[in-house]
Amino acid sequence: MTENPRTRETRPQAAPASSRSGAIRETRAPQVRPATEGWTQQKDAEGRPLLQFASPKRGKPPVHLADLTPAERTEKVKELGLPGFRAKQLSTHYFRHYTSDPAEMTDLPAGIRDELVAGLLPPLLTEVRRLETDRGDTIKFLWRLHDGALVESVLMRYPGRITLCVSSQAGCGMNCPFCATGQAGLTRNMSTAEIIEQIVRANRLIAEGGLGGKKADDHSMERVSNIVFMGMGEPLANYKRVMDAVRSMVAPQPDGLGMSARGITVSTVGLVPAIKKLADENIPVTFALSLHAPDDHLRDELIPVNSRWKVDEALDAAYDYYAKTGRRVSIEYALIKDMNDHAWRADLLAEKLNQRGRGWVHVNPIPLNPTPGSIWTSSEIPVQNEFVRRLNDAGIPTTLRDTRGKEIDGACGQLVATTEDEAASAAMA
């Protein structure tokens, strides 16, 4: 490797002959370039991949209890001509009992239940379709929003925890060529309450025993313990609403969901100014950077936002997050055959991470969900193992991540509203 000490950009040299399988594979592996398959990537006037940071103007969803602070909820109830303490009762039903059904709110006078629910708990998500794995321990939901936009979330049971992958936008404006979500561009930002409602609906299903994988008669005390903002959308492009949702997640019940901030992961493809804002929030969420390539030459093509903020800028911001919060950063890295899985790239990634210190980062390589005959397919298992080995040997804690839900198109990069989904949604409207 040769390095420019000023830019810290490292360029590969030919690999030396070696008996190690990784080095042999390194000398023979071709370099496949990113290219869209089956769709046309949107471009700007200069011919570069189009980036959408601002949400298109569409009709706003109705104001919901979860959009408001506790004080604002009280004022809203008073505007309806009711005592302010009814807001706390309503919050208890929503954030603790996970219901918006007035028939279940027996502590409220029968004559005001419907009015309160209509005023503060309007419907936000309509379930269009639900797909489950054979064991029932992974469920993908397709939701229709009030304006017909479609989003998905994925609920997963693991030993000792239940994780929900939530969406923060309908579509995505980051235009990454390997991600199904970004193919149609950004429809709009989701509201705070639309984000929270995904969790409330999941908690309701869990309490009713609807999530498989655990034999128990009573699931009423179970709930989502971990949130990952890795569904549809770029979370940090919808910064305010995502952070308002996080605050509601960690607020004690009944003001919020009473979750631990350490169980919440906020991911980004590298919006550096927003990463810096996140570090100053004083909320100890886990931060994940979707890197996918350690060199600008490839990442410019793989992650279009790299044209704004380069690899080293994103890594510097990630390290600063660790320095300010003490929270170890996750690096997400989709392993794609002959595109970004070369052994020299593992070495370069380790070098760049170690330049910034030790103990601040954990790498999660993710085998890309394979498509037969496509350039977008997962690395071969020996190559995956060599990539992981090199990082671990360099002192970077690295764990190959479980690709849960791929059989129901619920794994990373697979969330997208298809033509079939749109037809199903239209039939329900």
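In what follows, the structure referred to is the one given above.
Let me begin by describing the structure that accompanies this report. Here the structure is a predicted model, which means the values were calculated and not measured.

**Quick notes on the overall build of the chain**
Here comes step 1: Counting its regular elements, the chain contains twelve helices and 13 strands.
Here comes step 2: Counting the 429 residues in the chain, one finds 54% classified as buried.
Here comes step 3: About 18500 Å² of surface is accessible on the chain, with carbon and sulfur atoms providing 50% of the total.

**Some details on the nonpolar core**
Here comes step 1: Leu155, Ile196, Val224, Ile227, Phe229 and Met249 are the most contacted members of the largest nonpolar core, which has 106 residues in total.
Here comes step 2: The biggest single contributor to this core is helix α5 (residues 192-207), with eight residues.
Here comes step 3: If sequence neighbours within four positions are ignored, methionine 249 has contacts with Ile195, Ile196, Ile199, Ile227, Phe229, Leu257, Gly258, Met259 and Ile264.
Here comes step 4: In terms of nonpolar packing, the next biggest core, distinct from the first, is built from five residues, Met156, Tyr158, Cys165 and Val228 among them.

**Quick word on helix α7 (residues 272-279)**
Here comes step 1: Turning to α7, its buried residues number three or more, namely Val272, Ala274, Ile275, Leu278 and Ala279. Buried residues of α7, seen end-on, are gathered within an arc of 160° and therefore sit on one face of the element.
Here comes step 2: In this structure, the buried residues of α7 make contact with α6 (239-250), β10 (264-268), β11 (286-290) and α9 (311-325).

**Overview of the pairing of strand β13 (residues 361-367)**
Here comes step 1: When you tally the buried positions in β13, you get seven out of seven residues, the bulk of the element.
Here comes step 2: Here strand β12 (residues 329-335) pairs with β13 via seven bridges, running parallel. Considered in β13, the bridge of tyrosine 333 is made with proline 365.
Here comes step 3: Following the chain from β12 across helix α10 (residues 343-355) to the adjacent parallel β13, one finds a crossover that is right-handed.

**Thoughts on empty space enclosed by the protein**
Here comes step 1: Under the definition given, this model contains one cavity of 30 Å³ or more.
Here comes step 2: Estimated volume of the largest cavity: approximately 30 Å³.
Here comes step 3: Forming the boundary of the largest cavity are Gln42, Leu50, Gln52, Cys172, Gly173, Met174, Asn175, Gly182 and Gly185.
Here comes step 4: The residue inventory of the lining of the largest cavity, partitioned by class, reads three nonpolar, six polar and no charged.

**As for unusual backbone geometry**
Here comes step 1: The omega angle of the peptide bond from glutamine 253 to proline 254 is 5°, so this bond is cis rather than trans.
Here comes step 2: Note on placement: proline 254 falls in the loop between α6 and β10.
Here comes step 3: Here the phi dihedral of asparagine 175 falls at roughly 60°; this positive angle occurs in a residue that is not glycine.
Here comes step 4: Within the secondary structure layout, asparagine 175 lies in the loop between β7 (169-171) and β8 (186-189).
Here comes step 5: Although it is not a glycine, asparagine 282 adopts a positive phi angle of roughly 60°.
Here comes step 6: Along the chain, asparagine 282 turns up in the loop between α7 and β11.
Here comes step 7: Residue asparagine 282 is classed as exposed on the basis of its relative accessible area, which comes to 74%.

**Points about the pairing of strand β5 (residues 150-158)**
Here comes step 1: Most of β5 is tucked away: nine of the nine residues are buried.
Here comes step 2: Alternating residues of β5 divide into Leu150, Glu152, Val154, Met156 and Tyr158 and Val151, Ser153, Leu155 and Arg157, and every residue in both groups is buried.
Here comes step 3: Connecting strand β4 (residues 138-144) to the next strand, β5, in antiparallel fashion are five residues, including glycine 148 with a positive phi near 90°.
Here comes step 4: As judged from the five bridges shared by β5 and strand β6 (residues 161-165), these two strands associate in the antiparallel manner. Residue valine 154 lies in a different strand from β6, and its bridge partner there is cysteine 165.
Here comes step 5: Taking the residues that link successive antiparallel strands as the turn, the β5-β6 hairpin has two residues, and the phi of glycine 160 there is positive, at about 85°.

**Here we look at the packing of helix α2 (residues 70-79) against helix α3 (residues 86-95)**
Between two packed helices, what matters for the description is the angle formed by their axes and the separation of those axes.
Here comes step 1: One can describe the packing of α2 onto α3 by two numbers: an axis separation of 8 Å at closest approach and a directional angle of 120°. In terms of orientation, α2 lies oblique with respect to α3. In this structure, the crossing between α2 and α3 has a hand that is right-handed. The segment α2 lies against α3, with Arg73, Thr74 and Val77 engaging Arg86, Ala87, Ser91 and Phe95.
Here comes step 2: Classifying every residue of the contact of α2 with α3 by side-chain character gives three nonpolar, two polar and two charged.

**Some words on the sheet that holds β11**
Here comes step 1: Spatial strand order, β3-β4-β5-β6-β9-β10-β11-β12-β13: nine strands in an open sheet with mixed pairing. Where the open sheet ends on each side, the last strands, each with one partner, are β3 (126-132) and β13. Taking each pair of neighbouring strands and ignoring which way they run, the sheet shows an average axis angle of 20°.
Here comes step 2: Two strands pair when backbone bridges link them, and β4 and β5 are joined in this way by seven bridges, in the antiparallel orientation. Following the sheet pairing, phenylalanine 141 is matched in β5 by serine 153.
Here comes step 3: Across the sheet, α6 lies against β9 (226-229) and β10, angled at about 175° from β9, the strand it touches most.

**Some remarks on the packing of aromatic side chains**
Here comes step 1: For the structure on display, the rule yields eight aromatic pairs.
Here comes step 2: For the pair phenylalanine 141 and tryptophan 143, a centre-to-centre distance of 5.1 Å together with 15° between the ring planes defines the contact as stacked. Pair check on accessibility: phenylalanine 141 and tryptophan 143 agree, each one buried.
Here comes step 3: When the centroid spacing of 5.3 Å and the interplanar angle of 40° are considered together, the rings of phenylalanine 287 and tyrosine 321 count as tilted. Here phenylalanine 287 is found in strand β11, whereas its partner tyrosine 321 is found in helix α9, with 34 residues between them in sequence.

Each value, and the rule that gives it
Residues numbered from 1 in each chain as written. Predicted model: local features only at pLDDT ≥ 70, side-chain atom pairs only at ≥ 80, totals over all residues. Heavy atoms only, no water. Helix = DSSP H or I, 4+ residues; strand = E, 2+ residues; numbered from the N terminus. Buried < 20%, exposed > 50% of the residue type's maximum accessible area, 1.4 Å probe, protein only. Areas by Shrake-Rupley, 256 points an atom, 1.4 Å probe, with all protein chains shown as cover. Core = buried A, V, L, I, M, F, W, Y, C linked by side-chain atoms within 4.5 Å. Contact = heavy atoms within 4.5 Å. Arc of directions from axis to C-beta. Pairing = 2+ DSSP bridges. Right-handed = clockwise from strand over helix to strand, strands pointing away. 1 Å grid on protein atoms, 1.4 Å probe; cavity = no way out; pocket = protein on both sides within 12 Å on 5 of 7 lines; lining within 4 Å. Points joined across faces, edges and corners; volume = space filled by probe spheres on them. Nonpolar A, V, L, I, M, F, W, Y, C, P; charged D, E, K, R; others polar. Axes fitted to C-alpha atoms, helices over the stretch in contact; angles between N-to-C directions. Parallel < 35°, antiparallel > 145°, perpendicular 65-115°, else oblique. Left-handed = near helix turned anticlockwise from the far one by under 90°. Phe/Tyr/Trp six-rings, centres within 6.5 Å; stacked < 30°, edge-to-face > 60°.

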